[in-house]
Amino acid sequence: QVQLVESGGGLVQAGGSLRLSCAASGRTLRQCVMGWFRQAPGKEREFVATISWTGSRTEYADSVKGRFTISRDNAKDAVYLQMNSLKPEDTAIYYCAAGGLYGSEFRRGTGVDYWGQGTQVTVSS
(Lines give C-alpha, C1' and ligand atoms only; values in the text may rest on other atoms or scores of the structure.)
Protein backbone atom coordinates (compact mmCIF):
# COMPACT_ATOMS: atom_id res chain seq x y z
CA GLN A 1 0.00 0.00 0.00
CA VAL A 2 1.24 3.47 -0.90
CA GLN A 3 0.11 6.71 0.65
CA LEU A 4 0.65 9.85 -1.41
CA VAL A 5 0.53 13.29 0.17
CA GLU A 6 0.59 16.44 -1.93
CA SER A 7 1.69 19.87 -0.78
CA GLY A 8 2.56 23.24 -2.25
CA GLY A 9 -0.81 24.36 -3.53
CA GLY A 10 -2.18 27.81 -2.88
CA LEU A 11 -3.35 31.08 -4.37
CA VAL A 12 -1.20 32.80 -6.98
CA GLN A 13 -1.70 35.57 -9.51
CA ALA A 14 -1.74 34.85 -13.23
CA GLY A 15 1.80 34.63 -14.54
CA GLY A 16 3.13 33.37 -11.24
CA SER A 17 4.66 30.05 -10.25
CA LEU A 18 4.03 27.24 -7.81
CA ARG A 19 5.86 24.01 -7.07
CA LEU A 20 3.82 21.03 -6.01
CA SER A 21 5.39 18.18 -4.09
CA CYS A 22 4.18 14.63 -3.58
CA ALA A 23 5.66 12.50 -0.82
CA ALA A 24 5.12 8.79 -0.60
CA SER A 25 5.03 6.51 2.39
CA GLY A 26 4.32 2.86 2.91
CA ARG A 27 6.31 1.69 -0.08
CA THR A 28 9.08 2.95 -2.29
CA LEU A 29 8.12 4.71 -5.51
CA ARG A 30 11.24 3.61 -7.32
CA GLN A 31 9.44 1.12 -9.57
CA CYS A 32 6.37 3.28 -10.07
CA VAL A 33 5.31 5.51 -12.89
CA MET A 34 4.28 8.82 -11.35
CA GLY A 35 2.07 11.60 -12.56
CA TRP A 36 -0.14 14.55 -11.85
CA PHE A 37 -3.79 14.98 -12.70
CA ARG A 38 -6.15 17.84 -12.00
CA GLN A 39 -9.85 18.44 -11.64
CA ALA A 40 -11.46 21.82 -12.08
CA PRO A 41 -14.93 22.61 -10.67
CA GLY A 42 -17.63 21.00 -12.77
CA LYS A 43 -15.13 19.16 -14.95
CA GLU A 44 -13.74 15.65 -15.11
CA ARG A 45 -10.30 14.86 -13.78
CA GLU A 46 -7.67 15.25 -16.51
CA PHE A 47 -4.09 14.18 -17.10
CA VAL A 48 -1.40 16.82 -16.58
CA ALA A 49 2.02 15.12 -16.63
CA THR A 50 3.74 11.79 -16.14
CA ILE A 51 7.28 10.58 -15.55
CA SER A 52 8.79 7.12 -15.87
CA TRP A 53 10.33 5.47 -12.85
CA THR A 54 13.86 6.25 -14.06
CA GLY A 55 12.90 9.81 -14.90
CA SER A 56 14.10 9.39 -18.47
CA ARG A 57 10.66 9.83 -20.04
CA THR A 58 8.07 12.52 -19.47
CA GLU A 59 4.82 13.50 -21.13
CA TYR A 60 2.58 16.50 -20.73
CA ALA A 61 -0.90 17.55 -21.61
CA ASP A 62 -0.88 20.01 -24.49
CA SER A 63 -2.39 22.67 -22.24
CA VAL A 64 0.66 22.73 -19.95
CA LYS A 65 3.55 21.96 -22.32
CA GLY A 66 6.34 24.49 -22.01
CA ARG A 67 4.98 25.80 -18.70
CA PHE A 68 4.99 22.79 -16.34
CA THR A 69 7.86 20.44 -15.52
CA ILE A 70 7.56 17.12 -13.73
CA SER A 71 10.53 15.64 -11.89
CA ARG A 72 11.23 13.02 -9.27
CA ASP A 73 13.74 12.17 -6.59
CA ASN A 74 13.67 8.43 -6.02
CA ALA A 75 16.04 8.69 -3.07
CA LYS A 76 13.40 10.78 -1.31
CA ASP A 77 10.37 8.95 -2.73
CA ALA A 78 9.10 12.27 -4.00
CA VAL A 79 7.68 13.75 -7.18
CA TYR A 80 7.40 17.40 -8.08
CA LEU A 81 5.47 19.59 -10.49
CA GLN A 82 6.98 22.98 -11.24
CA MET A 83 4.27 25.22 -12.65
CA ASN A 84 5.27 28.47 -14.32
CA SER A 85 3.31 31.11 -16.23
CA LEU A 86 0.16 30.04 -14.47
CA LYS A 87 -3.20 30.92 -15.98
CA PRO A 88 -6.65 31.18 -14.39
CA GLU A 89 -7.65 28.05 -16.32
CA ASP A 90 -5.02 26.11 -14.36
CA THR A 91 -7.21 26.50 -11.28
CA ALA A 92 -8.05 23.01 -10.03
CA ILE A 93 -7.38 20.41 -7.41
CA TYR A 94 -4.13 18.70 -8.34
CA TYR A 95 -3.69 15.00 -7.59
CA CYS A 96 -0.53 12.97 -7.39
CA ALA A 97 -0.79 9.47 -8.88
CA ALA A 98 1.28 6.29 -8.96
CA GLY A 99 1.00 3.26 -11.20
CA GLY A 100 2.84 0.36 -12.71
CA LEU A 101 3.00 1.01 -16.45
CA TYR A 102 4.04 4.06 -18.40
CA GLY A 103 1.71 4.88 -21.25
CA SER A 104 -1.82 5.63 -22.37
CA GLU A 105 -3.59 3.70 -19.63
CA PHE A 106 -1.84 5.74 -16.98
CA ARG A 107 -2.67 8.97 -18.79
CA ARG A 108 -6.33 7.91 -18.94
CA GLY A 109 -6.28 7.23 -15.23
CA THR A 110 -7.16 3.56 -15.62
CA GLY A 111 -3.54 2.58 -15.01
CA VAL A 112 -3.29 4.50 -11.75
CA ASP A 113 -3.05 2.33 -8.65
CA TYR A 114 -2.75 5.04 -5.99
CA TRP A 115 -4.07 8.57 -5.70
CA GLY A 116 -3.21 11.36 -3.32
CA GLN A 117 -5.87 13.40 -1.56
CA GLY A 118 -5.28 16.48 -3.72
CA THR A 119 -4.05 20.02 -3.22
CA GLN A 120 -5.90 23.15 -4.34
CA VAL A 121 -4.29 25.51 -6.83
CA THR A 122 -6.08 28.79 -7.48
CA VAL A 123 -4.85 31.26 -10.08
CA SER A 124 -6.37 34.72 -9.96
CA SER A 125 -6.59 36.98 -13.00
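Right above here is the structure, for reference.
Everything numeric in this text was worked out from a predicted model, so none of it was measured.

This brings us to the overall build of the chain. Counting its regular elements, the chain contains 1 helix and 11 strands. The order of helices and strands in the chain, counted from the N terminus, is β-β-β-β-β-β-β-β-β-α-β-β. The C-alpha radius of gyration computed for the chain amounts to 13 Å, which stays within 12% of the reference 14 Å derived for 125 residues, consistent with globular compactness. With the principal axes as the frame, the chain shows a C-alpha extent of 40 × 25 × 25 Å.

Here we take up the nonpolar core. Considering soluble globular proteins, one finds that nonpolar side chains tend to be buried as a cluster. One finds L4, L29, M34, W36, L81, M83 and Y94 to be the most contacted residues of the largest nonpolar core, which totals 37 residues. Where this core is concerned, the elements lending two or more residues are β3 (18-25), β4 (33-39), β5 (46-51), β7 (68-73), β8 (78-83), β9 (92-99), β10 (112-115) and β11 (119-124). Considering every element that reaches this core, the biggest residue donor is β9, with 5 residues. Setting aside its immediate chain neighbours within four residues, Y94 contacts E6, L20, W36, F37, R38, V48, F68, L81, M83, G118, T119 and V121.

Glancing now at the sheet that holds β8. The strand order β1-β3-β8-β7 describes an open sheet built from 4 strands, whose pairing is antiparallel. Each edge of the open sheet carries a strand with a single partner, namely β1 (3-7) and β7. With strand direction ignored, the average angle separating the axes of adjacent strands in the sheet is 15°. Here 5 bridges tie β1 to β3, and the two strands are oriented antiparallel to one another. Among the inter-strand pairings, L4 is bridged to a residue of β3, identified as A24.

Thresholds, definitions, all that
- Residues numbered from 1 in each chain as written.
- Predicted model: local features only at pLDDT ≥ 70, side-chain atom pairs only at ≥ 80, totals over all residues.
- Heavy atoms only, no water.
- Helix = DSSP H or I, 4+ residues; strand = E, 2+ residues; numbered from the N terminus.
- Rg over C-alpha atoms; globule rule 2.2 N^0.38 Å.
- Core = buried A, V, L, I, M, F, W, Y, C linked by side-chain atoms within 4.5 Å.
- Buried < 20%, exposed > 50% of the residue type's maximum accessible area, 1.4 Å probe, protein only.
- Contact = heavy atoms within 4.5 Å.
- Pairing = 2+ DSSP bridges.
- Axes fitted to C-alpha atoms, helices over the stretch in contact; angles between N-to-C directions.

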